[in-house]
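So you can see what is in the structure, the chains are spelled out below.
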Amino acid sequence: WEGLTKEAPAHLIDWQGNDWTPDAGRVAAHPNSRFTVSADQCPTIADTWDDPAGVPLNAIIFGGRRASNIPLVAQARSWQHGVFMGATLASEQTAAAEGTVGQLRRDPFAMLPFSGYHMGDHWQHWLDLGAQAEKVGAGIPIFQVNWFRKSADGTFLWPGFSENARVLAWILGRVEGSADAVDSPAGWLPAEGSIDMEAAGVSAAQARELFAIDHDAWAREAKDTARFFSTFEPRTPVALWKQFEDLQDRLGTPGQGPF
């Protein structure tokens, strides 16, 4: 029930089938409970959302839940760099998965629990698919988003929800060639002014923090990435190791964020 209404009812049956009252001393809902509806109830869903022939892709967006390091949004430099982004995707643990809440968990493409074959082969499949698409001039840009970055006091820096549309608008602008970007070790970041931070209720200081690149923290994460890739040897694609080396080279020269 938590989060559904401002005030809980005087009596409920909790997720374990037991009587519950506001003074029960425990939550009524399971930690991983969700309020959901079927996709076709969404009034703005595309008419072709379930077309068996599929739909054309203009961009691919990966996302993880990170309190630090990963900027609000970044565009990959290439398909190979985008696959590297997806392969190194990580999130802090939540109640949705086994493990210590808050601990960093590597989950490539958010698919590790569901992959039916070796993850190294899965990565190579993505690399091969990109090579085929580029041959016919159908390269697809890849982006990574992180709605969950926090400040030093533990508060979220980005409001999320409908404000995410501002980030999606920048992504679409990059696809169309109308949105500006600046380079960083993480990839291409929105240029200052390309996302209306003030309208989103984000201060200039918060905006700088949303896109800040801590080179020492990224260097530590790079070491963790190397350990992670090593667990899939000898089937970790050479192209991903090359992207890892490129990241280390970029971290060798401190850069400035867009804000």
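Rules of the game
- Residues numbered from 1 in each chain as written.
- Predicted model: local features only at pLDDT ≥ 70, side-chain atom pairs only at ≥ 80, totals over all residues.
- Heavy atoms only, no water.
- Helix = DSSP H or I, 4+ residues; strand = E, 2+ residues; numbered from the N terminus.
- Buried < 20%, exposed > 50% of the residue type's maximum accessible area, 1.4 Å probe, protein only.
- Contact = heavy atoms within 4.5 Å.
- Areas by Shrake-Rupley, 256 points an atom, 1.4 Å probe, with all protein chains shown as cover.
- Lys, Arg positive; Asp, Glu negative; His and termini not counted.
- Charge placed at Lys NZ, Arg CZ, Asp CG, Glu CD.
- Core = buried A, V, L, I, M, F, W, Y, C linked by side-chain atoms within 4.5 Å.
- Polar contact = N/O pair within 3.5 Å; in protein donor to acceptor, adjacent residues only side chain to side chain.
- 1 Å grid on protein atoms, 1.4 Å probe; cavity = no way out; pocket = protein on both sides within 12 Å on 5 of 7 lines; lining within 4 Å.
- Points joined across faces, edges and corners; volume = space filled by probe spheres on them.
- Nonpolar A, V, L, I, M, F, W, Y, C, P; charged D, E, K, R; others polar.
- Salt bridge = Lys/Arg side-chain N within 4 Å of Asp/Glu carboxyl O.
- Expected span 1.5 Å × (residues − 1).
- Arc of directions from axis to C-beta.

Asks: Kindly report on the overall build of the protein chain, identifying the contributing residues and their values.
Replies: Of regular secondary structure, the protein chain possesses 6 helices and 9 strands. The principal-axis extents of the C-alpha atoms in the protein chain amount to approximately 60 × 45 × 45 Å. A burial count over the protein chain gives 36% of its 259 residues as buried. Counting contacts in the protein chain only where the partners sit at least 6 residues apart, residues at least 24 apart contribute 66% of the total. Accessible surface, the protein chain: about 15,000 Å² in total, of which carbon and sulfur atoms supply 54%. Side chains of the protein chain give 20 positive and 32 negative charges; the mean places of these two sets differ by 6 Å.

Asks: Account for helix H1 (residues 79–87), with residues named and values stated.
Replies: The buried fraction of H1 is high, at 8 of 9 residues. Inspection of H1 places Trp-79, His-81, Gly-82, Val-83, Phe-84, Met-85, Gly-86 and Ala-87 among the buried residues, and these make up the whole buried set.

Asks: Can you explain the nonpolar core? Please cite residues and give values.
Replies: One finds Val-73, Trp-123, Trp-158, Val-167, Met-197 and Leu-240 to be the most contacted residues of the largest nonpolar core, which totals 48 residues. Not counting chain neighbours up to four residues away, the residues in contact with Leu-240 comprise Gln-80, Val-83, Phe-84, Ala-87, Trp-123, Leu-127 and Phe-229.

Asks: Outline the side chain of Ser-151, supporting the account with residue identities and numerical values.
Replies: Residue position: Ser-151 is located in the loop between strand S7 (142–145) and helix H3 (164–176). Under the relative-accessibility criterion, Ser-151 is labelled buried at 16%. At 2.2 Å, the side chain of Ser-151 and the side chain of Asp-153 are in polar contact. Dropping the residues within four chain positions of it, Ser-151 is found in contact with Leu-157 and Glu-209.

Asks: Account for the layout of surface pockets, naming residues and giving values.
Replies: As a volume, the second largest pocket reaches approximately 150 Å³. Lining the second largest pocket, in full, are Trp-147, Phe-148, Phe-156, Trp-158, Pro-159, Gly-160, Phe-161 and Asn-164. Looking at the lining of the second largest pocket, its residues break down into 6 nonpolar, 2 polar and no charged.

Asks: Explain the pattern of salt bridges to me, and be specific about the residues and the numbers.
Replies: Close approach of charged atoms allows side chains of opposite charge to pair. Counted under the stated rule, the structure contains 11 salt bridges. Linking Arg-26 and Asp-14 is a salt bridge whose minimum nitrogen-to-oxygen distance equals 3.1 Å. Of the two residues, Arg-26 sits in the loop between strand S2 (19–20) and strand S3 (60–63) while Asp-14 sits in the loop between strand S1 (12–13) and S2, which places them 12 residues apart along the sequence. Assessed through its relative accessible area of 37%, Arg-26 is described here as partly exposed. For Asp-224, the salt bridge goes to Arg-227, with nearest N and O atoms at 3.5 Å. Taken together, the residues span about one helical turn, with Asp-224 and Arg-227 both in helix H5 (residues 215–230) at a distance of 3 residues. Its relative accessible area of 51% is what places Arg-227 among the exposed residues. Several salt bridges converge on common partners, so that one network encompasses Arg-66, Glu-92, Arg-106, Glu-221, Asp-224 and Arg-227.

Asks: Run through empty space enclosed by the protein, naming residues and quoting values.
Replies: Left-over empty space is what a probe sized like a water molecule reveals as it rolls over the atoms. What the rule picks out here adds up to 1 cavity of 30 Å³ or more. Approximately 220 Å³ is the volume attributed to the largest cavity. Put simply, the parts of the chain that give the lining of the largest cavity at least two residues each are H1, H5 and helix H6 (238–251). A total of 4 residues in the lining of the largest cavity trace back to one element, the largest contributor, which is H5. Split into classes, the residues belonging to the lining of the largest cavity amount to 12 nonpolar, 4 polar and 4 charged.

Asks: Tell me about H6, and name the residues and values.
Replies: Here H6 contains 14 residues, and its C-alpha end-to-end distance of 20 Å stays within 8% of the 20 Å for a straight helix at 1.5 Å per residue. Listed in full, the buried residues belonging to H6 are Leu-240, Gln-243, Phe-244, Leu-247, Arg-250 and Leu-251. When H6 is viewed along its axis, its buried side chains cluster within an angular range of 120° and face the same direction. Summarising the geometry of H6, the exposed residues directed more than 90 degrees from the buried face are Val-238 and Asp-249. Looking at the buried residues of H6, the elements they touch are H1, helix H2 (119–135), strand S8 (181–184) and H5.

Asks: Can you lay out the environment of Gln-124 for me, pointing to particular residues and giving the numbers?
Replies: Note that Gln-124 resides in helix H2. Residues Gln-124 and Asp-23, 101 residues apart in the sequence, show an inter-C-alpha distance of 54 Å.

Asks: Quick rundown of the environment of Glu-176? Include the residues and the values.
Replies: Along the chain, Glu-176 turns up in helix H3. Separated by 118 residues in the primary sequence, Glu-176 and Asn-58 have C-alpha atoms spaced 9.4 Å apart.

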